[in-house]
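# Observations on the model geometry
Letter by letter, the chains look like this.
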Amino acid sequence: MLTAAVMEGNEMAGILAGGVPPGLPPLQFFSLLRALPTPTTPMPASTAFTPEYLRGFSLFASLNEAQANDLLRDHRRLSLPAEQRVLFEGDWSDGVFLVCTGIAKVCRTTNLGEEVVLAVVGPGELLGELAVLMPHRRRTADVATLTAMELVKLRAQWFEEALDRVPGFARALACLEARRLTSLDDRFGLQSDDAKTRVLATLLELALLAGGNGDPHQPIPDLPQREIAAIAGLARGTTSRILM
């Protein structure tokens, strides 16, 4: 894994020390922090996924025990390796996925066959919720794991029921989507910056997500350089030169 000890340059040391890296506008730095979910406790080792654990995520904090138990009806736990597709754009949706551990990328493929990364998500985030909210019920993007992940699939029927019955839950989901829109705006804003700034911003984002608690001192996941390049929106050769 990458850490400040194996990366050269004051920029990376500054990132892992929690400061604003040189060349990265403060608004974009703090937007990355703002988009992170609330810290969570480790996923229980038992097979059952309890209502208490679900309510430990800020998104579900407004549910009482009975409501959380209803939402968990027919839920399914998944353990996935790195570099595995979770969702495919255009597929029909029958549920949403709660990220318990690990990191995934949300991406789309252009008409020229190029991958565009729209978001990188970690613990406490949802995957596939937009399809549940839309009339056509189709997935709007691909999702692939970047690291090994633990997910919980929540059935669409009970997810929608919870949104209708619990205003606080609906408001929390709206806040999550608002943070994602802000993060997406900042991601595209970085495209006008130099390559080094974009790589550093990507490494910062990965470090913050790695531990699921917003701690920038977490080791950066040992991702292939092509994945770092894709997240930064750069050619692999350019990314490799910066990381050397």
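The structure we're discussing is the one just above.
Below or above, wherever it landed, is the structure these notes cover. (Residues numbered from 1 in each chain as written. Predicted model: local features only at pLDDT ≥ 70, side-chain atom pairs only at ≥ 80, totals over all residues. Heavy atoms only, no water.)

### Re the sheet that holds strand E2 (residues 85-87)
The antiparallel open sheet is built from four strands, whose spatial order is E2-E7-E4-E5. Two strands in the sheet have a free side with no partner beyond their single neighbour: E2 and strand E5 (115-121). Adjacent strand axes in the sheet meet at a mean angle of 35°, parallel and antiparallel pairs treated alike. Pairing of strand E4 (residues 104-109) with E5, which is carried by six bridges, proceeds in the antiparallel orientation. Residue Cys-107 lies in a different strand from E5, and its bridge partner there is Val-117. (Pairing = 2+ DSSP bridges. Helix = DSSP H or I, 4+ residues; strand = E, 2+ residues; numbered from the N terminus. Axes fitted to C-alpha atoms, helices over the stretch in contact; angles between N-to-C directions.)

### Digging into the nonpolar core
Phe-49, Phe-60, Leu-71, Leu-126, Phe-159 and Phe-169 are the most contacted members of the largest nonpolar core, which totals 27 residues. Those elements that provide at least two residues to this core are helix H3 (51-55), helix H4 (65-71), strand E3 (95-101), strand E8 (149-155), helix H6 (156-165) and helix H7 (167-189). Sorting elements by how many residues they give to this core places H6 first, with five residues. Non-local contacts of Leu-126, meaning those with residues more than four positions away in its chain, are made with Leu-59, Phe-60, Val-96, Phe-97, Leu-98, Phe-159, Leu-173, Leu-176 and Arg-180. (Core = buried A, V, L, I, M, F, W, Y, C linked by side-chain atoms within 4.5 Å. Buried < 20%, exposed > 50% of the residue type's maximum accessible area, 1.4 Å probe, protein only. Contact = heavy atoms within 4.5 Å.)

### Side note on a nonpolar patch on the surface
Taken together, the side chains of Leu-130, Leu-133 and Met-134 define a hydrophobic patch exposed on the protein surface, amounting to about 240 Å² of accessible area. Mapped onto the elements of the fold, Leu-130 is located in helix H5 (residues 129-133). Taking relative accessible area as the criterion, Leu-130 reaches 37% and is therefore assigned partly exposed. (Patch = residues over 30% accessible without salt bridge, like charges linked within 9 Å, V, L, I, M, F, W, Y side chains within 5 Å. Areas by Shrake-Rupley, 256 points an atom, 1.4 Å probe, with all protein chains shown as cover. Salt bridge = Lys/Arg side-chain N within 4 Å of Asp/Glu carboxyl O.)

### Quick word on unusual backbone geometry
The backbone of Asp-74 sits at a positive phi, close to 60°, despite the residue not being glycine. Relative to the assigned elements, Asp-74 resides in the loop between H4 and strand E1 (76-80). A relative accessible area of 53% places Asp-74 in the exposed class. We note that Arg-137 has phi near 60°; this positive angle belongs to a residue other than glycine. Secondary-structure assignment places Arg-137 in the loop between H5 and strand E7 (142-145).

These figures capture arrangement, not role.
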